[in-house]
Each structure stands twice: as C-alpha cells, then as structure tokens.
Amino acid sequence: DLFKHIQNQIGKSIKVQKNKTQLMVGVKRFVKKLENISDDEAQEILEEKNYVAALGLCTQDPMGNGSSVSGGEVYSFQTPKRSSKMAELASELAQTPGQSVAPDHSECPEKTAKAPQSSKRSSSDKVQQRNKKKEFVSTTPYRLRKRLTAPDPYLESESEYSASCSEEDEEDQKEVSTVLSGQKTPAKTKAASTPPPRNTLAKKNKNKMCEGMFSDNKLSQTLHDLLKKAPLAYAAEIKELNQQHERLFSKWMLQLHLGFNIVLYGLGSKRDLLEKFRISALQESVHLVVNGYFPSITLRSILNSITEDVLNHIGTFRSPPDQLEFIIKRFKEDSSLELYVLIHNLDSQMLRGERSQQILAQLSSVPSIYLIASIDHINAPLLWDQAKLSLYNWLWYETTTFSPYVEETSYENSLLVQQSGSLALSSLTHVLRSLTLNARGIFRLLAQYQLENKDNPSYPGLSFQDFYQQCREAFLVNSDLTLRAQLTEFRDHKLIRTKRGADGVEYLLIPVDDSTLADFLEKEDEDL
Amino acid sequence: ATVYLPLKVLSPPVFSHLSIFLHMHILEDLNKQLFDNLVSFLRRSHSEFQEKTTEWTCRMKSKEIPTAALVLGVNVTDHDLTFRSLSEVLQNNITPYIAFLEAKDCPGVKKLMQKLMGQLMNCYVDVDSSEDEDYVQVSHNRIRCSMTSLINWYESVTKKTDSETPSKKRTSSSRHWQSPPVVVVFKDMESFSTKVLQDFIVISSQHIHELPLVLIFGIATSPMIIHSLLPHSVSSLLCIELFQSLSCKDHLSTIIDKLLLRASFPFKLGEKVLQVLINIFLYHDFSVQNFVKGFQLCIVEHFCSQPVSVLCCQLVDAKKRADSLSHDQCENIRKLPSFRRYVESQVSEKQIALLTEDTYLKETTQKLLEDLHVYHENYLSVLRCLHVFTSFLPKYPLGKQIRELHCACLENQVWETEEYESSLQLARMLNKSDLVTMLQQCVEIFVSSSGKEFDNTVEKLKEFLTQFQKLEEAFQEQDVSVSSQKELQKKTDLYHLQKTLLELKESRRYKKLTKFEMLRFDVVDYIDSLVRNYLVPANHKTLHEIAYFNTASVLREHLNAAPRIALHTALNNPYRYLKNQELKSDEGSISNKAPDICIVYKLHLECGRLINLVDWLEAFSTVVMAAEGPNADAASSDQVDDIIHARFIRAVSELELLGFIKPSKQKTDHVARLTWGGC
C-alpha cells in the first residue's frame, strides 16, 4: 500500500498540470509520428514519454472501490419492520450530537411527536385511517399540483409554444445530438461537406421534443425554481470529487482507442461529467450523444442518426439488424471513419430491452466506434450476459459524483412527476383538441366506461367488440376498420393501451388515473 | 483493434506480440488439429455425390445429411474466434459456400432460409468477383426463399464454373472441387428452437441428392443435446460425427506459456495480478478472450502508470534507453523501492555516487538490467525443470499446471513453503525410470534454453544419467530396494506415502542406503540447489518494477467492478467520498447533515414493502429541520417547507431512478420497495 502511495506521488510529481486539450493534441501528433520513427530517435521518444506519463496518472484515488463492504451487508434478508420505525429513526437522526440542539428543541419534539402519532393511528383504526389518508392525498400531490398550475398560461398558449419550439435550436437537440466537425482533418471532408445535421435532426424530432419539453419545462420549472433556492450541499467536496474524475479523461481516450469501451457507475448524475469529457476531448471528432433517459428515445432513432448524419445515407431499413449490418459494413470499408458514442443512462427504460442491448453491444464492438456510457440502476449489470459483455468489452470506472440527477428525473416517467397527473391531463386535452369531433366522442365513450368501472379492481378494460358496438350505436363509426384506424391514432399518442386478455380478446384501457380522467371529462363538458 | 499509442514506440516487441495476440493466431494454431479433422470429414462426406454414382444404396444413404457436431465448450465468448478461423480454413480448402446461422436471427424456417440464401449468394459474389452484376442485382430479398430456388442457384453456380475457361477451371479446382459442398454452420445449436431445426433438417434431407449439404452444429454443452433437441425421426436423418475442440483450460495454458513464460517478452505480470486474472478466468467465465483483455489492460496500465516502464523493452533497446535517460527519469529510478534497497546494500561512496551522479546511475542501471534479463532466462528454465518434477508427483502438492508453480514462485521463496518440502520428500521416493525420464527432459530444457550458465548444469545432469546407467548394469545388488520400490508404486495416495516415508526414515537409521537411493538423494538435492539459486521471487530483484505490473486493485476495479457496492457505500457512508468533517459518523449510522438522498435512503430502509410517502416526507423534514437548526425562523417557514418538499421529491425520484423503489398501484400515495439489503 505504501508502495502504491509512493508510486502515486511519483506520478503526480511528473505530471505538470497541463491543459487537457493541449494534451490530446499532443497525443494526436504523437500518433502520427509513430509511423516514421527509427531507433536513433530514442531521445525524442523519451520526451514523448512525458506525455504518456501525463496521460496515465494512475489515480489510486482515495475513494477506491467500496470493496471493503461485505456482500452480506448489501444483500441481506428481509427483516420485519415496525411501522413507526422510520419516524423513530428520523427523530434519532434529528437529535444526533454535534448539532446545536438547544434552540430547535422546542420545535423538534413536536414534529417527531406528530409523525408517530399518524402511524399509530394507522395501525389502530382502519376507517379513520382512510379518512386521514384522503386528507393526505389532497395535501401531498396537491400542493405540488397547485404550484404546477401556476405557469399554466405558458401551456395554454400551445400554438405559441410549438412556434417557439423550432427556434429553440439549442434545446431541441436534446434527444440525440450529433456534432460533426471534421473541417480540420482532411479525411473527414465528406462528413464536413454536409450541413450540420443539428437542424434536420431537430426538425425531425420536433414532435417528440414537444412531448418531452412539456414535462421538462412545465413541471420541473417550479421544482427547479424551488431547488435553486436551496443551495447544493457540499458543493466544494462534490467539485473536488468531479475534478478527480476529470483527471481520467485522457486515460479514457487512450483506452477507448485501444479497443475498450468505458462504462461509468456510482451514485450521482454522470451527465455533466460526460458532457465535460465531450467538450474537452471530442470537440474535433465525430461524436453522437444519446440521452438514454429521454422517455421516447428508441434504438431506431440512435441507428438512424448514425446512418443519416454520420454516414450520410438516405434511405430506410427494414429492421434494426439490417441497419446495424449496414453500419458495420460501412465502418469496415472505410477505416478513416471514427465515431464516438456517448450514452447517458445505458440502463434506461427505453434501452433496457434485450434486443436493443444486443444491437448496441454489437455496435460497440466495431473497432472504430468508441462507446462511453453511464449506468445508474442498481441492477444494471444484470442486463448483460457473457456474450454481450464480451462484445461491449467494458472497462468499469467508478465515478461517484453526488450530483443531483436533474435531467434524468425530469421527464414524465419519473415517479413524482407522473403522480401529479397534471401532465397527463394537459396532454390529453392537447391531443384531443386536434382531433375530429367523432374521435373525441370515441375517446369520451371509452373514458366514461372506464370511470363507471373504477370501483372494480379487476377491470380488464373495454373489449374491442363491445366498444365497436357502443360506437356504432352512438353513430361514431360505420365499420370496425374506421374504429381501428382511430385507435391506432390514439395509441400513437399514448392515449390508450391495448392488452390481450386470457381469452385472446383485445382490451382497451386509458393509462391515466381515475381522478385525472374525471377532471378531463369535466373540462370537456365545459367546453361543449 | 489496433494498438498504436505509446506501446509501439516504447517497445516494438510488446506491440508485435500484442497484435499477434489480438488476432489470436495462437488460437488458430491450437485448433489446427480440429480443423484438419473437420476438413477431412467434409471431403469424405460428399465423395459419393462427387462421383455421381447412381446406385440404389447410395441413394438410400443420401437421405442422410452429413453432420459434424462440434463441441466447443462453455466459453461461449471465444466461439466467434473459432468460427472465424474455421470459415477461413474452409474457404481455403473445401468450399466457398459457407453460411453461419445464429439462433437470434432465425425465429422461423422462413427467416432461416432467407439468412442462409443471403449469405450463400453473397459469398458467391465474393468468390469470383465476376462482372455479371445483373445477376447480383436480383437481390436475395426478392428471390423466393425456398429449397428449390436454392438448388437452382447451386446448379447455376456450379455450371458456371464448369463452363469457364480451362485455365481458370484448373486453378479453381485445385482449391475446390467441381461441385463443392454447401456448409451450413449453426453457431449456437442449443438456442435454436427445435421446430426450426427439425423443419430445416427434414426439408433439406429431401433435397440432399441435388444439393450437397453439410451441417456443422456448434455445441457448448454436450453432444447429448442433439438427441434431446431432435426427436429420433429427425436425428436419424443426420449422419453425425463428433469433433471436440481444445478445452479452454488448454487454451489458457498455451497462452500463458507463450506470453508469460518467455524471456523475450519484456512485460511481466506480478503474482497478485496473475492471480486475479486466473481467478476471473476460473471463477467467472472461462473466457480466454477476457483473459487476453485483462492482459491488455495490464500492459496499458503499466505503461501509463509506471514512469520507469520506459525501460520495459528488449535488453538491447533498454540499454540504449538507459543511456539516454533524462535527469527526471533518473530520479524516478532512484525512487524505486527496490533500487533503494540496492543502494543501502552498497558501500557508502557508491551510495553517494548512485544518488548524485546520473552517469554512474545509468551505468549501474544497464548492469542491473542485464542482471534482470539473465535472471529471467534462468528463472524460466529452472521453473520448467521444477515443473517436470512436480507434475510427476502424486496429488501435485505444488500444482498440476505450470502457472500454479509460477504463481507460487512469484509469491515468495518457494523453498520455504510446506508444499515444496513435501514435494521434495515425494521426489525422494520416485522410481528409477521416472527419474531418468525427468532428468532427460530437464537436460532438453536446459540445452534449449538461452541462458549461458547452464553448461555445468547440463553436464551434471548428464553425469547423473550415466550413473543411473551404470546402476542398471550392477543390478543384482538392488533386490531389496526394488521390492520396496514396488510397494511404493502400488500405494499412490498421500496418506500411505507419508506413512511409508516415516517408516523409511525409521529404517534408514538401521539400514545402509543402497547406491540407487544415494544417487536419488543427490539428484533431488541438486534440483533443490537449482531452485534456491534461480527461483528467487521477482520482487527481490533490483529494478523489478520496470518489468512487473503489480497493482492488482486496478485490475479488479476495472474488470470486475461491483457497482452495487459502490452505490451502497455512497448512500451509507458519504464521508468516504465527500471529505467533510460534518459527514463523519460511526459505522452504520449517518449524520443528519448528509446529502438528501442519503437521508431519504436511510429512512426508507426502516420500512416494509410499501412506504407511505407522507410518513416519509414527515420523517425527512424532521431530520432536515433539525440539521438546519435555528436559522430556519418561523417567518419564512412556509418557504422552507416548500423547499424541503421539493428536496424530498428530488431525492425520492432519484431513488426511483436508482431502482430502490417504484410507484405502487396497490395503495395511493405509497411506493414499493425493491431491495432488502443495507440495514
């Protein structure tokens, strides 16, 4: 251990704090030199070695890996819990020494007294608890909801919004952004001759963007405003932590070039870290940023942006494997092609599937595609079996940052955003307003039927045949084909979900909670 | 993957070895036997088709598809390499028409046929890069993928080769026959759905007389799987021959032998590192490819993190480089612990010279480098020699494989270990014929080794051999010892051996040793002296840091990471990462000033399967309020409340992202816990 320490210091003493970009340029120059180097130039080589030493700086970082923790602590058995335990712990924590306890003593016990009280009641009296809970229901999310309705005018003027949407170039490339800048290297003139794909991409994804931006702008706005007021705790330490990771950038570059791919894990958002990496190391090369946490990212959109923006291929593919095959072929043919792929949250909902992981793994195994990705979910490593792992060829890096997951949790698949329901409501009204009167009628029918059955816990949904019957009776459709076409449209907007029951019958459901649905119907009635 | 960064410059041999490695020519060599067998099988299988015999028996037989079952072992990740070289071998020797099918591409027979035809027609285009583009233009997407079209295609292709110019024909026929077989390889036979396989086999067996089809099944488990996957009616359509590829353990041994146990390869692995790599191999994946990856990582890390690795190259280059070291680099050498030890062992004037004069240091370095090189050469020869002995012993106290012996020798002075002691004792009981063969092997090793010091050793060993020869001539004296010898041979287990050993010890006091026994003792003692001389652990050597990579923790961190433990540590003990005194707390508890997410996490650990959000929020705000203390005055309490609320929302949604909780449909305002650990 002592030896390691000494070695580390040696490494540090050698490394002069060099500008990162300068360093990368150095390495590049260095690579070019390799071709015509002879043995006499040993001296020069030794000088170059400094670069390598600077590149390395094997940080035996103080945080190390948490290998000191035994498995039993992490994977223990389920133990029975008393309901009041959380509150007890809270009061215990609140009174831990080292705090100036005296002044807040008056307030604190009061609070702690309240918490156990509520839970005690919950265990003793069920009926009363119901009532209590109802109250709570209205307090917790409601407070949030109220706040959320505040910037509503912004949403109401939706036409304005969509107009501004296309202008917001910067933000629009949220989902997949490709940056091509090959002006400096002659080999990439082909790529450089095309207009920067940013615009085309942004346009294409505009629809999706809008969906995403709603949740982002509207919901998080208030949350963000509030959180901004609360200063980030331990900012200095977090910064220090991040700087430690940033020192690894040049090493990552080296290892990416050596055929490894890099995966980052550890608590805290790694988005900023990767972004910094992109800015400091990848400015001059073709790279693709994939925001995996974006709720409507698909494998196809990733592949499309590679074929269309990186390879300049116009045309469609029958299936992702075909597209992958094409990409692999192109990269094999043209050895000057290089692509860096940065994936934030490789383990996100949308990329989690076996097929997408398989294809991404195959993509990453292409020698001139360099992948650097981050994972957050505790079970993320379970995504990969031996075959995929060997395709990915990972090097694992622990980069615990403790930064808040601002971007990652701001979309509608996030728990608390979803629960507020106001997003669902607004998107319902928003989408339905653009539909024909008949379509709205069809949707109303379904919504009403669902509300009528809201007390039935095993309500499977409305079967297609029944629905068709009802629609016919209401003169909304004249054949089941028109109904199906209509339903496809609903499904595209994620307004309904279909599932097959045990008897093979197709059931239709609106995946929105009942209160929101009731609100929606109320509003509709007002409109009419 | 090409390695072109510093490695190439630093030491060309390292690079060339590495690139050889990356392309895995070693693996190809290993599989040569297997491939030869396969090729001859393929040649045999369709000789009837070749001769175009129309006999009835042949026709009967031709309902059967010749099939090679290729047992590849559980290291699935290495299979691709094997298949790649297999396809190369087949293309060169047998047929241009090879198709590789994977289960994931073939959910149904139709897809399978599409894939098959696509690959076959592509390879047709590849083989004779012909000018009739229009034929190629009929892309396989539009061709109806059926067996008939496949046969039509095959006929047209073979006819074309027939009608070609004679000169061309000759060249092609030297490599392939007129009608080469169509080889279909099922890469992962186990994962194919049985229906697809059955259908394909039944269909193609109907057409086998028109299309010389050969199947190759890649099998990871055991050949029995064929019979459990296919019913008898289908498997009877196959004429199966079994082929076994080398086991992954043998692969590993070869690779260790070719890379680690070569003096010409300047980069070495330290004991811990080697142990980690072997453990990953043995306990995780059996993947040779991953072992190689780990080895590559070691090289990269070594050249990145060790400043003196400049000198890690061939001796000649290293000397040159040592000559041109800069002052800083000299300082680096002075800082090496092994070098310090060396300096301390010198007389005082030399000490001063070594620490102050760069030129003197360079000279010494060159000398030391040479020493190190000689040490390596000797070490490897003696190691192999010792391995010859230990691999003969019952129960292998020092390990069966040379890598185990290597690890033991690297770790510490092997002659001090108990295992070594017991193996010497066992060696003292070897019979004559074994001893003679061992000695002969040792002589071979030493003769072929590049070390110069072994002339005496070889002579000495040869002398032993002649003495044994003489003993044989004077055979009659040995009656007694021979009988005891036989007894020993019968009982091979350790317990009995030890028992007899003790008895022998007892008897030795009374009995005069026979000549043979004396000689045997001499031999063992001589080997022992060799071991003590040459198998000194590497970390006792000066400047060993140049060649040996020792930081196993790096390897474990990057190859065998534990993301879940990292998360656990960060949430339970933020002080480990954020060095702030306020966060310091006892084991198991957490300061109330910890980051929000840590507090929320800690609180949720106290809950059962469902967590009431309201209780949770309440508890959270209790903690946070206490932590913030008195400055949260009553006037802005509403504001504070909102902020705490927002912080709570953020922390909870972060926990959801991390996979600790998920929204629950069972109860409103409750979330479900997904983990149980960490209490």
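Conventions used here
- Residues numbered from 1 in each chain as written.
- Chains lettered and ligands numbered in written order.
- Predicted model: local features only at pLDDT ≥ 70, side-chain atom pairs only at ≥ 80, totals over all residues.
- Heavy atoms only, no water.
- UniProt positions renumbered as here; feature names shortened; annotations may be inferred.
- Helix = DSSP H or I, 4+ residues; strand = E, 2+ residues; numbered from the N terminus.
- Buried < 20%, exposed > 50% of the residue type's maximum accessible area, 1.4 Å probe, protein only.
- Arc of directions from axis to C-beta.
- Contact = heavy atoms within 4.5 Å.
- Pairing = 2+ DSSP bridges.
- Axes fitted to C-alpha atoms, helices over the stretch in contact; angles between N-to-C directions.

**Q** So what exactly am I meant to see when it comes to the UniProt feature "domain: Origin recognition complex subunit 2 winged-helix" (unreviewed entry) in chain A here?
**A** UniProt annotation of "domain: Origin recognition complex subunit 2 winged-helix" (unreviewed entry) refers to residues 455-515 of chain A when read in the numbering used here. Along residues 455-515 of chain A the backbone is 41% helical and 16% strand, and the end-to-end C-alpha distance reaches 12 Å.

**Q** I tried to follow helix H20 (residues 337-344) of chain B on my own but got confused; where do I start?
**A** The periodicity of an α-helix, 3.6 residues per turn, causes residues three or four places apart in sequence to face the same way. Residue and element names in this part refer to chain B. Every buried residue of H20 is listed here: Ser 338, Phe 339, Tyr 342 and Val 343. All buried residues of H20 lie within an arc of 140° about the axis, which places them on one face of the element. Its buried side turned inward, H20 meets helix H19 (327-335), helix H21 (348-356), helix H22 (358-390) and helix H30 (544-547).

**Q** Would you explain unusual backbone geometry in this entry?
**A** Excluding glycine, a negative phi dihedral is what most residues carry, and trans is how most peptide bonds are arranged. Unusually for a residue other than glycine, A:Phe402 sits at a positive phi of about 65°. By the element assignment, A:Phe402 lies in the loop between strand S6 (394-398) and helix H22 (415-420). Overall, A:Phe402 belongs to the buried group, its relative accessible area being 7%. You will see that B:Leu543, though not glycine, has its phi angle at about 65°, which is positive. Summarising the element assignment, B:Leu543 is placed in the loop between helix H29 (515-534) and H30.

**Q** Whenever I open this one, the sheet that holds strand S5 (residues 238-244) of chain B confuses me. Can you help?
**A** Strand pairing in a sheet takes place through backbone hydrogen bonds and is either antiparallel or parallel in direction. Residues and elements named next belong to chain B. Read across the sheet, 5 strands follow the order S2-S3-S4-S1-S5 without closing on themselves; strand pairing throughout is parallel. In this open sheet, the two edge strands, each paired with only one partner strand, are strand S2 (98-101) and S5. For this sheet, the mean angle separating the axes of adjacent strands, direction not counted, is 20°. Two elements, strand S1 (residues 65-71) and S5, share 7 bridges in a ladder whose sense is parallel. Counterpart to Thr 67 in the pairing with S5 is Ile 240. Its contacts with the sheet place helix H12 (residues 194-206) against S1, strand S3 (182-186), strand S4 (213-219) and S5, and it is angled at close to 160° to S4.

**Q** Help me understand the sheet that holds strand S8 (residues 497-500) of chain A in this model?
**A** Residue and element names in this part refer to chain A. Pairing is antiparallel across the open sheet formed by 3 strands, whose spatial order is S7-S9-S8. Pairing within the sheet leaves two strands with one partner each, and these edge strands are strand S7 (462-463) and S8. As defined by bridge partners, S8 adjoins strand S9 (residues 506-509) across 4 bridges and the pair is classed as antiparallel. Opposite Lys 499, over in S9, you have Tyr 507 as the bridge partner.

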